[in-house]
Amino acid sequence: MSSPSKRREMDMMKLMMSDYKVETINDGMQEFYVEFNGPKDSLYQGGVWKIRVQLPDAYPYKSPSVGFITKIYHPNVDELSGSVCLDVINQTWSPMFDLVNVFETFLPQLLLYPNPSDPLNGEAAALMMRDRPAYEQRVKEYCEKYAKPGEGSDDKSSDEELSEEEFGSDDEDEDDDDDDVAIAGKPDP
């Protein structure tokens, strides 16, 4: 490859020509959104997430930065920022990989095989380790609420405030302590 910018253009074109919906930010090739479908045979199957990708100047020699815009419940994804804990991308990245690899291999592997021992979402990791059925139910609830296909994931982002239903829930629920943590520091609606 003659230059990182040519490689960036080639990888973007390859991603756009694949089955992924790509939306550039500011008409550039450094930052863009990709519509990502949950992998088959996973708790996330059927969900659609908006992913933000930022390419460093040194791409492909340095890995892209990847984060969920659409809210997701996962031990290795920060619930508020959407940041992804992907050691595979950061530590094993090589110029052999391209953007399609991120969406066809790295992110599906993350969703299929969460690592609760290295969490960005401690609450999800703890729930996964102590009560797997409750964790799986919470994942499905988030998929149903935030990652429904065709509903425009733009308005269901990770940094949105909680709805009135979530915020003011008076349900006598055994997870009330978890709910208090989720709303700590949120501004009033």
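None of these values were measured; they are calculated from a predicted model.

Glancing now at the environment of Ala125. Within the secondary structure layout, Ala125 lies in helix α4 (residues 122-130). Each C-alpha atom, one on Ala125 and one on His74, is 7.5 Å from the other, the two residues being 51 residues apart in sequence. The residues contacting Ala125, other than those within four sequence positions of it, are Pro75, Pro116 and Pro119.

Right, let's talk about the side chain of Ser63 for a bit. Tracing the backbone through its elements, the reader meets Ser63 in the loop between β3 (48-54) and β4 (65-68). Once residues lying within four places of it in the same chain are set aside, the contact partners of Ser63 are Pro56, Ile89, Asn90 and Trp93.

Attention now moves to the pattern of salt bridges. Summed over the entire model, instances satisfying the criterion amount to 6 salt bridges. Taking the shortest distance from any N to any O, the salt bridge between Glu136 and Arg132 comes out at 3.2 Å. Of this pair, Glu136 and Arg132 both sit in helix α5 (residues 132-146), 4 residues apart, roughly one helical turn. For Glu136, a relative accessible area of 26% corresponds to the partly exposed category. Owing to a relative accessible area of 39%, Arg132 belongs among the partly exposed residues under this scheme.

This part is about the packing of α4 against α5. Viewed as axis vectors pointing N to C, α4 and α5 meet at an angle of 135°, and their least axial separation amounts to 5 Å. Overall, the two elements α4 and α5 adopt an arrangement that is oblique. Within the contact between the two elements, α4 uses Glu123, Ala124, Leu127, Met128 and Arg130 and α5 uses Arg132, Ala134, Tyr135 and Arg138. Looking at the contact of α4 with α5, its residues break down into 5 nonpolar, no polar and 4 charged.

Here we take up the sheet that holds strand β1 (residues 22-24). Ordered in space as β1-β2-β3-β4, the 4 strands form an open sheet in which the pairing is antiparallel. Each edge of the sheet is formed by a strand with only one pairing partner; in this case those strands are β1 and β4. Strand-to-strand twist of the sheet, defined as the mean angle between neighbouring strand axes without regard to direction, takes the value 25°. With 3 bridges connecting them, β1 and strand β2 (residues 31-37) associate as antiparallel partners. The partner of Glu23 across the bridge, within β2, is Tyr33. Along the sheet, helix α1 (residues 4-17) contacts β1 and β2; its crossing angle with β1, the most-contacted strand, is approximately 140°. Helix α3 (residues 99-112) rests against β2, β3 and β4 of the sheet, and its axis sits at about 50° to β2.

Here we take up the UniProt feature "active site" (unreviewed entry) in the protein. UniProt records the feature "active site" (unreviewed entry) for Cys85 in the present numbering. Note on Cys85: relative accessible area 16%, which makes it buried. Those residues in contact with Cys85, other than ones at most four positions away along the chain, are Asn76, Leu110, Asp118 and Leu120.

Moving on: the packing of α1 against α3. For the pair α1 and α3, the least separation of the axes is 7 Å and the interaxial angle reads 45°. Taken together, the axes of α1 and α3 lie oblique to each other. Taken together, the residues of α3 that come into contact with α1 (itself represented by Asp11, Met12, Lys14 and Leu15) are Leu99, Val100 and Phe103. Of the residues in the contact of α1 with α3, the class split is 5 nonpolar, no polar and 2 charged.

To continue, consider the nonpolar core. In summary, soluble globular proteins display a tendency toward joint burial of nonpolar side chains. Leu15, Phe32, Ile51, Phe68, Phe103 and Leu107 are the most contacted members of the largest nonpolar core, which totals 38 residues. At the level of elements, α1, β2, β3, β4, α3, α4 and α5 are the ones that each hand at least two residues to this core. Ranked by residues supplied to this core, first place goes to α3 with 8 residues.

Definitions and limits used
- Residues numbered from 1 in each chain as written.
- Predicted model: local features only at pLDDT ≥ 70, side-chain atom pairs only at ≥ 80, totals over all residues.
- Heavy atoms only, no water.
- Helix = DSSP H or I, 4+ residues; strand = E, 2+ residues; numbered from the N terminus.
- Contact = heavy atoms within 4.5 Å.
- Salt bridge = Lys/Arg side-chain N within 4 Å of Asp/Glu carboxyl O.
- Buried < 20%, exposed > 50% of the residue type's maximum accessible area, 1.4 Å probe, protein only.
- Axes fitted to C-alpha atoms, helices over the stretch in contact; angles between N-to-C directions.
- Parallel < 35°, antiparallel > 145°, perpendicular 65-115°, else oblique.
- Nonpolar A, V, L, I, M, F, W, Y, C, P; charged D, E, K, R; others polar.
- Pairing = 2+ DSSP bridges.
- UniProt positions renumbered as here; feature names shortened; annotations may be inferred.
- Core = buried A, V, L, I, M, F, W, Y, C linked by side-chain atoms within 4.5 Å.

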